[in-house]
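Residue-level structural notes
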Amino acid sequence: MPLPVDDPLERLRENEAVRLFVERAVAAAGDFELTDLNRAAVADLCRRLDGLPLAIELATVRTRALAPAQILDRRHDRFALLAGGTRAALPRHETLRTTLEW
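For the structure given in this document, a descriptive report is provided here. (Residues numbered from 1 in each chain as written. Predicted model: local features only at pLDDT ≥ 70, side-chain atom pairs only at ≥ 80, totals over all residues. Heavy atoms only, no water.)

Digging into the overall build of the chain
- Secondary structure summary: the chain contains eight helices and zero strands in total.
- Starting at the N terminus and ending at the C terminus, the chain contains elements arranged as α-α-α-α-α-α-α-α.
- A sequence separation of at least 24 residues applies to 52% of the contacts in the chain between residues at least 6 apart.
- Put simply, the chain shows about 6400 Å² of open surface, and 53% of that area lies on carbon and sulfur atoms. (Helix = DSSP H or I, 4+ residues; strand = E, 2+ residues; numbered from the N terminus. Contact = heavy atoms within 4.5 Å. Areas by Shrake-Rupley, 256 points an atom, 1.4 Å probe, with all protein chains shown as cover.)

A few points about the environment of Arg48
- Tracing the backbone shows Arg48 in helix α3 (residues 39-48).
- Along the sequence, Arg48 and Leu72 sit 24 residues apart, while their C-alpha atoms lie 8.7 Å from each other.

Brief notes about the packing of aromatic side chains
- Inspection of every chain in the model, using the stated rule, returns one aromatic pair.
- Both rings, one in Phe21 and one in Phe32, keep their centres 5.8 Å apart while their planes meet at 65°; by these two values the pair is edge-to-face. Placement of the pair is Phe21 in helix α2 (residues 16-29) and Phe32 in the loop between α2 and α3, with a sequence separation of eleven residues. Residues Phe21 and Phe32 agree in their burial class; the two are buried. (Phe/Tyr/Trp six-rings, centres within 6.5 Å; stacked < 30°, edge-to-face > 60°. Buried < 20%, exposed > 50% of the residue type's maximum accessible area, 1.4 Å probe, protein only.)

Digging into the nonpolar core
- Grouped together as the largest cluster of nonpolar side chains are 22 residues, with contacts concentrated most on Val18, Phe21, Phe32, Leu34, Val42, Cys46 and Ile56.
- Every element with two or more residues in this core is listed here: α1 (9-12), α2, α3, α4 (53-61) and α5 (68-73).
- Per-element tally for this core: the top contributor is α2, with six residues. (Core = buried A, V, L, I, M, F, W, Y, C linked by side-chain atoms within 4.5 Å.)

So, the pattern of salt bridges
- Counted by the stated rule, this structure contains six salt bridges.
- One salt bridge in this structure joins Arg24 and Glu23, with 3.9 Å as the shortest N-O distance.
- On the basis of relative accessibility, which here comes to 31%, the residue Arg24 falls in the partly exposed class.
- Under the relative-accessibility criterion, Glu23 is labelled partly exposed at 46%.
- Here Asp44 makes a salt bridge to Arg47, at a shortest N to O gap of 3.7 Å. Residue Asp44 and its partner Arg47 are both found in helix α3; the two are separated by three residues, about one turn of the helix.
- Taking relative accessible area as the criterion, Asp44 reaches 17% and is therefore assigned buried. (Salt bridge = Lys/Arg side-chain N within 4 Å of Asp/Glu carboxyl O.)

Some thoughts on α4
- Ala55, Ile56, Ala59 and Thr60 are the residues of α4 that are buried. Along the long axis of α4, the arc covered by the buried residues comes to 135°, so they all point the same way.
- Residues of α4 that are buried make contact with α2, α3 and α5. (Arc of directions from axis to C-beta.)

Some remarks on α2
- The first and last C-alpha atoms of α2 sit 20 Å apart over 14 residues, in line with the 20 Å expected at 1.5 Å per residue.
- If you check which residues of α2 are buried, you get Ala17, Val18, Leu20, Phe21, Val22, Ala25 and Ala28.
- Lining the buried residues of α2 we find α1, α3, α4 and α5.
- Near the N-terminus of α2, the side chain that reaches the backbone nitrogen of Ala17, with its oxygen 2.9 Å away, is that of Asn15.
- Following α2 by one or two positions, Gly30 adopts a phi angle in the positive range, close to 85°. (Expected span 1.5 Å × (residues − 1). Polar contact = N/O pair within 3.5 Å; in protein donor to acceptor, adjacent residues only side chain to side chain.)

Spelled out as structure tokens, the structure:
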């Protein structure tokens, strides 16, 4: 997906990666909203996740417990941040890293 640039809020809302982030965050957290306070963190997250839809969707689940800036602070290890799942899952389905290694 096209990567967002540091645009004003209204233009940022037009970016596909940001729209996906917002849609999935609303689905995950219910009360998520793109605001002037979190727009820079959301845009940076989308850029750091290379605009990859799967990575964006996995990151948005974290909005249930973390603000976008907090997710961004934990970006140094993308695969650990995006890990998590059921113990009944096959090992290759437990984390993004094992899926890619598989």
